[in-house]
Amino acid sequence: MKFFNEISFQTLKLSFSFLLMLLVFACNPNENDTFLRKTIVLEDNWKFSKEANEEAFQIDFDDSNWESVSVPHDWAIYGPFDKEIDKQNVAIVQNGEEVATEKTGRTGSLPHIGEGWYRNSFTVPEFDNNKKALLLFEGAMSEPQVYLNGQKVGEWAYGYSYFYFDISDKILIDKENLLSVKLSNKEFASRWYPGAGLYRNVSLVITNDTRFDHWQTFITTPEVSENRSTVNIKTSATGKNLSVKTKILDQNQAEVATSKAVSDSTGVFDFNLDVPNPKLWSPESPNLYKAVLELYENDILKDTLIQKFGIRTIKYEPHKGFSLNGKNRKFKGVCLHHDLGPLGTAVNKAALRRQLEILKDMGCDAIRSAHNMPSFEQLELCDEMGFMFLAESFDEWAKPKVENGYNRFFDDYAEKDVVNLVQATRNHPCIVMWSSGNEVPDQWGEKGVERAQWLQDLFHREDPTRPVTVGMDQVKATMESGFGAILDVPGLNYRVHLYEEAYETFPQGFILGSETASTVSSRGVYKFPVVQENMKQYEDLQCSSYDLEACYWSNVPDEDFVLQDDKPWVIGEFVWTGFDYLGEPTPYDNFWPSRSSYFGISDLAGLPKDRFYLYRSRWNTKDETLHVLPHWNWEGREGETTPVFVYTNYNSAELFLNGKSQGIRTKNDSTPQHRYRLMWKDIKYEAGKLKVVAFDADGKKAAEKEIQTSGQPYQIQLKPDRKNLSADGKDMSFVEVSVTDQNGIPCPTANNQLQFEVSGAGTYRAACNGDATSLELFHEPTMKLFSGKLVVLVQSSKNEGDITLKVSGENLKSAELHLSSVKK
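Presented here is a report on the structure given in the accompanying data block. (Residues numbered from 1 in each chain as written. Predicted model: local features only at pLDDT ≥ 70, side-chain atom pairs only at ≥ 80, totals over all residues. Heavy atoms only, no water.)

Below, the discussion takes up the overall build of the chain. Helix and strand content of the chain: 10 helices and 50 strands. The globule rule puts the C-alpha radius of gyration for 824 residues at 28 Å, and the 27 Å found for the chain is close to it. Each principal axis of the C-alpha atoms in the chain carries an extent, and together these give about 85 × 60 × 55 Å. Once local pairs closer than 6 in sequence are excluded, the contacts in the chain between residues at least 24 apart make up 70%. Counting only carbon and sulfur atoms, one obtains 45% of the accessible surface of the chain, whose full area is about 30200 Å². Positive and negative side-chain charges in the chain, numbering 89 and 117 respectively, have mean positions lying 4 Å apart. (Helix = DSSP H or I, 4+ residues; strand = E, 2+ residues; numbered from the N terminus. Rg over C-alpha atoms; globule rule 2.2 N^0.38 Å. Contact = heavy atoms within 4.5 Å. Areas by Shrake-Rupley, 256 points an atom, 1.4 Å probe, with all protein chains shown as cover. Lys, Arg positive; Asp, Glu negative; His and termini not counted. Charge placed at Lys NZ, Arg CZ, Asp CG, Glu CD.)

In structure tokens:
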């Protein structure tokens, strides 16, 4: 075994310096009100144009007719949807296709292709010739070219990468500065919706000449016990006669450790602190500490870093698997694309938090950022809320999947992109593994093995505390070439039939389900007869929520559950996907107007599908799960076979239809489905009431659930995820909209057209109904219900006050919701 399987992986979370390095004014013996550091996030006052203009970087260029936007910004999410945007005649090799066919919706059919320009004017009153300025981009889609005051300061290639430029010699003192950014998105550059624009934050970091070096602080815990944790801090700084004072604070702001270190002439520091009785970080108890580092030059305070972190250990062992803080466990994870449904790719912390809250309720404890670098906000939330993280880097290496993909940049940029990913994020306790690639065509041949080793060595160089994986779909090829054998963690994408052979062939002694299931379903849609099929297609371009349909390369969830439960050497799974995403509308990628995925456990609006409760029944071991499907509105199917499934963490249950028992079902090992689902396959439909009664291990009644046939839609119902918002112009409430009949029974097939109106200290931001075939624009204040539901996004302004959402529809009793927004 390689050293990664022989030692513990230990690290602490160090939040991103450009987000959490605060402007601090401190008194010292020599100076009062000393400037230390300031981070300016450039959110407002941006001008945007999607017209190609090679003169737009010039200072005197007239942008008065450009659109005013705030950043983060995704220019393409506002549509319209158009089949011609991403129409391709292609064979998708990684899906096993050999014959090219016309594909539509593959990248979401939204207008992301083309050139866009952003301009922003700003001043920095604190800046002078004794200061340094970094211009930091957290993500720019794509191929950004950056200009300041008419001069080019640099460029980057990868739209998912974090990067920065030193602009100290170009920034104007006591004058207005003009930042211009050109972005270019080529066609055939992505396999999913990539978004377009400055979709993550842009910041200025202003420091003294004497300063901590950017992203060069690395904190680990070489020793962790119940009584003590050794905290090692490696950092570097620019200046002369330097020293660093450090203190560590717990969650109650109590000081638990202090240290003073003096550097040699290189400005490099390497020192230890001991934290007594450490509270360890885990998904169940995401304890975080705070380190305060003060940089002194000749005993004068010059810079301060304030950074959160957590203490934990990780270990990967042959034949035993993965352990966190000395306790063996398996990843209960999902893969997530970077788009946020109706918001597109523009990062929003409220939307990310909502996603994680939904996943936490399901029992999920791990996230894989597929297939790109995660946002800083996502990692911060995973630290705070308790999610382990598999941070992925690339979907392509040197060999292409798509014509204009990352293969164009691999040779020149791969090392720089890996370095920035690791240095910017390596101190997050949530990150427990890196991924250097996903289903790369380089899995074949000697060159691919060399590239895999080279990339893994880069990750090890920058972070020797975590292992590296690759999501492999060509498992046979990686067995023969040695590709899989050199990885720290062999990751299998699907291929459940090859797990045993891979375990026996690869030397690591364990297997990770790096991508699993790819079951497809449409929320609230059910098809008959109920049979297990692959690549099943229907005239309405929907998929059945009986959760028995997958793709020809994938499988239904129960087959993964068997491996996870029965094989101690399988260390967990990352399900494809936690939420539907824009693009990749398999199995309808050759049928318009499908334009988003069907893979999600929850839909594009974040509304749980039935499959959510199947995973919840197995993953959430603390809360009761008792879920019945399908809905019971089947006018016209009277007397026809309409199977009933129950997803529950109870082992047995009895089903009643209109008071008559339909029998007791008990989970058993006869098939994977019978092991994890309770199924009544011969129920004849009649309108009325379905009731399921679940029994505990002693056979006693433990819980019950009812669903009823509804009447006609009558009343709109509103259910917000939160009522109290922050008046920061970014916070959001996600309001679930549904309709009931006159008796308050939900109408599961309602498709009424609704209108939305927001007044007060907030705005209407978007709506989404989860229908993968809908061409309604998210930002327009009207949308149809899909399977009886949709979600409205209400965004706060920067003013405090009350916010009112009114939702109405023809022949429906309207509803109002009152929210509040305050400064926090």
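Sheet analysis places strand S17 (residues 242-249) next to strand S18 (residues 255-262), joined by 7 bridges and oriented antiparallel. Its bridge partner lying in S18, Lys247 is registered against Thr258. Connecting S17 to the next strand, S18, in antiparallel fashion are 5 residues, including Gln253 with a positive phi near 65 degrees. (Pairing = 2+ DSSP bridges.)

For helix H4 (residues 410-425), which comprises 16 residues, the first-to-last C-alpha distance of 21 Å matches the rise-based estimate of 22 Å (1.5 Å per residue) to within 8%. Along H4, 12 of the 16 residues are buried, which leaves the element largely enclosed by surrounding structure. Of all the residues in H4, the buried ones are Phe410, Tyr413, Ala414, Asp417, Val418, Val419, Asn420, Leu421, Val422, Gln423, Ala424 and Thr425. Buried residues belonging to H4 abut strand S10 (151-155), strand S11 (163-166), helix H3 (376-385), strand S27 (388-392), strand S28 (431-438) and helix H5 (445-462). (Expected span 1.5 Å × (residues − 1). Buried < 20%, exposed > 50% of the residue type's maximum accessible area, 1.4 Å probe, protein only.)

Here we take up the packing of aromatic side chains. Two aromatic rings, taken as a pair, are described by how far apart their centres are and by the angle between their planes. Using the criterion set out here, one finds 48 aromatic pairs in the structure. With 5.4 Å between their ring centres and 70 degrees between their planes, Tyr158 and Tyr160 make a pair best called edge-to-face. The same class applies to Tyr158 and to Tyr160, which are both buried. We note Lys416 situated over the ring of Trp156; from NZ or CZ to the ring centre the distance is 5.3 Å. (Phe/Tyr/Trp six-rings, centres within 6.5 Å; stacked < 30°, edge-to-face > 60°. Lys NZ or Arg CZ within 6 Å of the ring centre and 35° of its normal.)

Turning our attention to the side chain of Lys609. Residue position: Lys609 is located in the loop between strand S34 (570-576) and helix H9 (610-619). The class for Lys609 is buried, based on a relative accessible area of 1%. Among the polar contacts listed, one links the side chain of Lys609 to the backbone oxygen of Gly600, at a separation of 3.0 Å. Other than its neighbours up to four places away in sequence, Lys609 contacts Ser521, Arg523, Asp580, Tyr598, Phe599, Gly600, Ile601, Ser602 and Asp603. (Polar contact = N/O pair within 3.5 Å; in protein donor to acceptor, adjacent residues only side chain to side chain.)

Inspection of the entire model under this criterion finds 50 salt bridges. One salt bridge in this structure joins Lys38 and Glu126, with 2.8 Å as the shortest N-O distance. Here Lys38, found in strand S2 (residues 37-41), pairs with Glu126, found in the loop between strand S7 (114-122) and strand S8 (131-137); they are 88 residues apart in sequence, far enough to count as distant. Given the relative accessible area of 22%, Lys38 is considered partly exposed. For Glu126, a relative accessible area of 25% puts it in the partly exposed group. In this structure, Lys789 and Glu736 form a salt bridge, with 3.4 Å as the shortest nitrogen-oxygen distance. Taken together, the residues span a long stretch of sequence, with Lys789 in strand S48 (residues 789-796) and Glu736 in strand S44 (residues 732-740) at a distance of 53 residues. With a relative accessible area of 32%, Lys789 lands in the partly exposed category. (Salt bridge = Lys/Arg side-chain N within 4 Å of Asp/Glu carboxyl O.)

Of note, the bond from Trp576 into Thr577 is cis; its omega dihedral lies within 30 degrees of zero at -5 degrees. Within the element layout of this structure, Thr577 appears in the loop between S34 and H9. Cis geometry is adopted by the peptide bond preceding Pro630, which originates at Leu629 and carries an omega value of 5 degrees. Phi at Ser109 takes a positive value of approximately 55 degrees, unusual for a residue other than glycine. With relative accessibility at 0%, the residue Ser109 sits in the buried group. Look at Asn149: it is not a glycine, yet its phi comes out positive at around 55 degrees.

A few words now on the sheet that holds strand S39 (residues 678-680). Spatial strand order, S35-S36-S39: 3 strands in an open sheet with antiparallel pairing. Since the sheet does not close on itself, it has two edges, and those belong to strand S35 (626-629) and S39, each with one partner. If you compare each strand with its neighbour and ignore which way they point, the axes differ by 15 degrees on average. In terms of strand pairing, S35 meets strand S36 (residues 644-648) through 4 bridges, oriented antiparallel. Across the sheet, Leu626 pairs through a bridge with Thr648, a residue of S36. (Axes fitted to C-alpha atoms, helices over the stretch in contact; angles between N-to-C directions.)

For the rest of this paragraph, the subject is the sheet that holds strand S37 (residues 652-657). In spatial order, the strands read S38-S37-S40-S41; together these 4 strands make up an open sheet with antiparallel pairing. The open sheet terminates on both sides in strands that have one partner only, identified here as strand S38 (660-666) and strand S41 (701-708). Across the sheet, the mean angle from the axis of one strand to that of its neighbour is 20 degrees, orientation sign disregarded. Sheet topology places strand S40 (residues 689-695) next to S41; 7 bridges connect them, and they run antiparallel.

By the bridge criterion, 4 bridges tie strand S22 (residues 312-317) to strand S23 (residues 321-324) in an arrangement that is antiparallel. Within S23, the residue paired with Lys315 across the bridge is Ser323. Once S22 ends, the chain turns through 3 residues before running back antiparallel as S23, passing His319 with a positive phi of about 65 degrees. For S23 and strand S24 (residues 327-328), the ladder comprises 2 bridges, and the chain directions are antiparallel. Within S24, the position partnered with Ser323 by the bridge is Asn328.

Glancing now at the state of the cysteines. All told, the structure shown has 0 disulfides when counted by the stated rule. With no disulfide partner, Cys364 has as its closest neighbouring cysteine sulfur the one in Cys382, 8.7 Å distant. (Disulfide = S-S within 2.5 Å.)

Within the secondary structure layout, Asn149 lies in the loop between strand S9 (145-148) and S10. Its relative accessible area of 10% is what places Asn149 among the buried residues. Sequence spacing of Asn149 and Leu179 is 30 residues, and the spatial spacing of their C-alpha atoms is 6.5 Å. Residues contacting Asn149, with those up to four places away along its chain left out, are Ile59, Lys170, Ile171, Leu172, Glu176, Asn177 and Leu178. At 3.0 Å, the side chain of Asn149 and the backbone oxygen of Lys170 are in polar contact.

The subject of this paragraph is the packing of helix H2 (residues 349-362) against H3. Two numbers describe how H2 lies on H3: the axes approach to 10 Å, and their chain directions differ by 40 degrees. The angle between H2 and H3 places the two elements in the oblique class. Seen from above, H2 lies across H3 with right-handed handedness. Residue-level inspection shows Lys349, Leu352, Arg353, Leu356, Glu357 and Lys360 of H2 in contact with H3, the latter providing Glu377, Gln378, Glu380, Leu381, Cys382, Glu384 and Met385. (Parallel < 35°, antiparallel > 145°, perpendicular 65-115°, else oblique. Left-handed = near helix turned anticlockwise from the far one by under 90°.)

Tracing the backbone shows Arg426 in the loop between H4 and S28. When the C-alpha positions of Arg426 and Glu462 are compared, they lie 8.5 Å apart, and in sequence the two are 36 residues distant.

Position of Pro111 among the secondary structure elements: in the loop between strand S6 (101-103) and S7. It is 34 Å that separates the C-alpha atoms of Pro111 and Pro557, two residues lying 446 residues apart in sequence. Excluding its chain neighbours within four sequence positions, the residues that come into contact with Pro111 are Lys50, Trp75, Ala76, Gly79, Pro80 and Ile85.

This is a description of form; function is not addressed.
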